[in-house]
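Working through the structure, step by step
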Amino acid sequence: MFETRMESSSDDCKVNKPTSYGLSTVVSNVMISGPIKRLQERILGTTRMEALSSTSEIWLLGKCYNASAEESSGGADPGNSYAEFLEDFSSRIWITYRKGFEPIGDTKFTSDVNWGCMIRSSQMLVAQALLSHHLGRSWRKPSQKPYDPKYIEILQLFGDSEACAFSVHNLLRAGRHYGLAAGSWLGPYAMCRTWETITRANREQADLDRGKESLPMVVYIVSGDEDGEQGGAPVVCTDVVARFCSSFNMALHAWAPILLLVPLVLGLERINPRYIPLLQETFSFPQSLGILGGKPGTSTYIVGVQEDKALYLDPHEVQPAVDLKSDSSEADYISYHCRTVRHVPFDLIDPSLAIGFYCQDKDDFEDFCSRASQLGDKSNGAPLFTVTQFPQPSKAVPFCDGDNVGSSRNCMMDNTFDVENFGDNDAQPGEDEWQIL
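Residues numbered from 1 in each chain as written. Predicted model: local features only at pLDDT ≥ 70, side-chain atom pairs only at ≥ 80, totals over all residues. Heavy atoms only, no water.

Attention now goes to the nonpolar core. In this structure, Phe-85, Phe-158, Trp-195 and Leu-259 are the most contacted members of the largest nonpolar core, which totals 70 residues. At ten residues, helix H4 (residues 117–134) tops the list of elements feeding residues into this core. Leave out the neighbours within four places in its chain, and Phe-158 touches Ile-95, Gln-123, Val-126, Ala-127, Leu-130, Phe-166 and Trp-195. (Core = buried A, V, L, I, M, F, W, Y, C linked by side-chain atoms within 4.5 Å. Buried < 20%, exposed > 50% of the residue type's maximum accessible area, 1.4 Å probe, protein only. Helix = DSSP H or I, 4+ residues; strand = E, 2+ residues; numbered from the N terminus. Contact = heavy atoms within 4.5 Å.)

Take the pattern of salt bridges next. Side-chain pairs of opposite charge can arise where the charged atoms are in close proximity. Applying the stated rule across the entire model yields 14 salt bridges. Arg-120 serves as the salt-bridge partner of Asp-160, at 2.9 Å between the closest nitrogen and oxygen. Placement of the pair is Asp-160 in the loop between helix H5 (149–157) and helix H6 (168–174) and Arg-120 in helix H4, with a sequence separation of 40 residues. Each member of the pair, Asp-160 as well as Arg-120, is classed as buried. Measuring nitrogen to oxygen at the nearest pair gives 2.7 Å for the salt bridge that ties Glu-281 to Lys-378. Of this pair, Glu-281 sits in helix H9 (residues 276–282) while Lys-378 sits in the loop between helix H11 (362–377) and strand E14 (386–388), placing them 97 residues apart in sequence. Each of Asp-88, Arg-92, Arg-137 and Arg-140 takes part in one network of salt bridges that share partners. (Salt bridge = Lys/Arg side-chain N within 4 Å of Asp/Glu carboxyl O.)

Attention now moves to the environment of Asp-364. Residue placement: Asp-364 occurs in helix H11. Between the C-alpha atoms of Asp-364 and Gln-287, which are 77 residues apart in sequence, the distance is 7.8 Å. In contact with Asp-364, not counting residues within four places along its chain, are Gln-287, Tyr-358 and Cys-359. A polar contact is formed between the side chain of Asp-364 and the side chain of Gln-287, at a distance of 2.9 Å. (Polar contact = N/O pair within 3.5 Å; in protein donor to acceptor, adjacent residues only side chain to side chain.)

Shown next, in the form of structure tokens:
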């Protein structure tokens, strides 16, 4: 089933909503709840092809598909059919609002409804990086048990309790220096920095406790310089990446896998149209992990593109919290996958967003750099990001991040980062000597 999202309330993710609802609202909430929605999809069918073009190609996280719903015949390649696209899309891990989990820290929050969509979107992006790392980009979820043990392990990392490494609970704790708190909403920049923090902390803990889970890859937040608008175009520094990868593996291997997160602000009230073709082309990169973005105040995980449409997974469906185990019911696992392909016009996306890429090894990273440089050559002087070899000293610069476009943005000093002290747990934001460009 395809669904167009043309309008969305800017306060979808706000905590202070009215507590009383009219009868029509109650009925509407019941009709869009998880079980009823899935029943509707089964009754009405799983696709509505008029929502997408049947002639234009679809790019989904580095894979290209034919949008035609007709089965391939003759000499056509069955590997890029619409059916293959839907199987690929529904194999991506879908993480949504949950209710009924253990309270978050000292708060009374047992649900992240109305405020946790940015966290959930970021969990989906990192989950995709882990799928690519452990199971490969071509992995597809089997239709029934038994499931791959590694797939189960990945899902368990994002469970809703403090025991799960990348739960809402632990992400909020890691992001407290960037303003993350239960019941509040922040933008992609703070979320990217939170993943950098939790990855570093978990890796240090894993060195002490071999049973502790950690992200098996370097997390690199691509920063900008102080000369351009909003801190300038971010720059991927290959020399810094090489040092990170070497230190990550303690020199046991020449190169470590790397997760690149590129937070961007591409306009004021609306995204600057000159950036849209560049954003769309990033989905053709084999390293693509998609985009954290959506309508103002409403985060989604954008995984694909067709023409001017951004295809996304929506975290705003409320589902009961589950404790996944190898013997959990099949319904629990199904709740982490979605067959509804929603889309929104690219020109309606909030200009505050973040792009993700996963590079498995050095050759993969070099291929990414080559593609990024070619993309920069097409930008007419306004690239999304650029690639260089060496960093240069720079002062900390203001970075504005916010939820609602058009409202005052929360400005913070962009963290400088010292490569020599990478992994130093005592280093606090603003204490380092220079910034990665």
